[in-house]
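Secondary and tertiary structure notes
The primary structure of each chain is shown beneath.
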Amino acid sequence: MKYSLFVFFLSFFFLNPTAEAQTWPLSEEAEITILTIGPGPNLYDKFGHSAFRIKDATHGTDAIFNYGTFDFRTPNFYTKFAQGKLLYSLSVGHYEDFYQSYVLQNRWIKEQVLDLTYPEKRALADFLVHNAQPENRDYLYDFCFDNCATRIRDVLVSSLNEKVTYPTNFLKETSTFRKLIQKNVHFNTWGSVGMDIAIGAVTDVEATPWQHQFLPEYVFEAAAVATLETNGNSHPLVKDTRMLYENAPTNERGPFLLSPLFVFSIIALLILYLTFKDYRNKTRSRFLDSSIFFVTGLIGVILLLLWFATDHSATRNNYNLLWAFPFSLLFTLTIGKKQPKRWVRRYLAFLLVLFALLILHSITGVQKFAIAFIPLFLALIVRYVYVISFLKKQEV
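The paragraphs below set out a description of the structure included in this document. (Residues numbered from 1 in each chain as written. Predicted model: local features only at pLDDT ≥ 70, side-chain atom pairs only at ≥ 80, totals over all residues. Heavy atoms only, no water.)

**So, the nonpolar core**
- In this structure, Trp24, Phe52, Phe65, Leu114, Leu124, Leu156 and Leu237 are the most contacted members of the largest nonpolar core, which totals 53 residues.
- Going through the elements one at a time, strand E1 (31-37), strand E2 (49-56), strand E3 (61-69), strand E4 (87-94), helix H4 (118-131), helix H5 (148-159), helix H6 (177-183) and helix H8 (216-225) are the ones with two or more residues in this core.
- No other element matches H5, which puts six residues into this core.
- Dropping the residues within four chain positions of it, Phe65 is found in contact with Trp24, Ala51, Phe52, Ile54, Leu90, Ser91, Val92, Leu128 and Val129. (Core = buried A, V, L, I, M, F, W, Y, C linked by side-chain atoms within 4.5 Å. Buried < 20%, exposed > 50% of the residue type's maximum accessible area, 1.4 Å probe, protein only. Helix = DSSP H or I, 4+ residues; strand = E, 2+ residues; numbered from the N terminus. Contact = heavy atoms within 4.5 Å.)

Rendered as structure tokens:
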């Protein structure tokens, strides 16, 4: 009976395109809670998840309002995802299905029961139901500023007429967006390195306590100390916190021999070995230089597109372009010639200047770069210095 009633309401309010009613059946005893889910094994779920739950035994409903869903069947799905134009949606589902899916993934689930009067519950439920209508449910996802976690905070503030107050000092210390991201992903993993390459200097600014709530764990922490003004009196927003499921600890770190730091160290040693061999034989491995220009240039083009050709806010001002310079791709064949033009030597000197700027940006904190790349950076600098010296002698 409980499940059939839920399906009835769900189909009536959300699957009937002609339905105008947007009122969720709600009794005085209904509970509205915030669910916080722990990190999962995949990169896209390393940061956890947040959702609303409306539980009402009187009406036999137990529903999840989830702002973290998207449709794989969206036309040009991968193109839109790459461009930052993929729409996310507020979906409505059954709690038991939601719960079991995260238990199967071995992800902990915490619940915070909101201390709301009936009019406040009604206002929040009506806001969510209205937001879940087909014409309202979609939004343009932004990893740092508009996602399934920030929507929890924003919905509470909007639906309760801004009577929710979040203390600005609920954190012991604040961090940059990049540090907050890396907190959930070990630095020596491919996911971490991939994000470090893709995200720019905009993530190296200090996030305010309000902005920390782009991560579910900080939505949980902020809600735990937030207050709500009701009839002129201020009281805690959360009246009870429950652990619904406690996961079993797992070790998700892979073998070091497959880690980015090890792989890039091997590549760096190979570049240094070939450079030393060239120095001893008074020659130049032209294939190596062409390969370096091709790979770094191609990466640079991708980063440039992420900066200027997408709506991703986190990929702007990316100074990884200082080592992965796009123009190098154009000169792949030129650097591979036996006697390249004189300007090629000057271009290599320019690349060394860019490396100097990269070091300066790192020291001053303008942007932090992946630790796993340090051996590769050193090898590239040595290679560029050697090739400049070799070409200079060749010209003489």
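**So, helix H10 (residues 286-308)**
- Relative to the 33 Å expected for 23 residues at 1.5 Å per residue, H10 spans 32 Å between its end C-alpha atoms, a close match to the ideal helical length.
- Within H10 the residues assigned to the buried category are Leu288, Asp289, Ser290, Ile292, Phe293, Thr296, Gly297, Gly300, Leu303 and Leu306. (Expected span 1.5 Å × (residues − 1).)

**Considering the sheet that holds E4**
- Spatial ordering of the open sheet is given by E6-E4-E3-E2-E1-E5-E10, a layout of seven strands whose pairing is antiparallel. The outermost strands of the open sheet, each flanked by one partner alone, are strand E6 (138-140) and strand E10 (238-245). Adjacent strand axes in the sheet meet at a mean angle of 25° when their direction is disregarded.
- The pairing of E3 with E4 spans five bridges and is classified as antiparallel. Paired with Ala63 across the strands is His94, a residue of E4.
- Contacting E1, E2, E3, E4, strand E5 (109-114) and E10, helix H3 (residues 95-104) runs over the sheet at an angle of about 110° to E4.
- This element, H8, spans E1, E2, E5 and E10 of the sheet and lies at about 35° to E5. (Pairing = 2+ DSSP bridges. Axes fitted to C-alpha atoms, helices over the stretch in contact; angles between N-to-C directions.)

**A word on the side chain of Gln182**
- Summarising the element assignment, Gln182 is placed in helix H6.
- We classify Gln182 as buried; its relative accessible area is 18%.
- A polar contact of 2.9 Å, which involves the side chain of Gln182, links it to the side chain of Asp196.
- For Gln182, the contacting residues outside a window of four places in its chain are Ser192 and Asp196. (Polar contact = N/O pair within 3.5 Å; in protein donor to acceptor, adjacent residues only side chain to side chain.)

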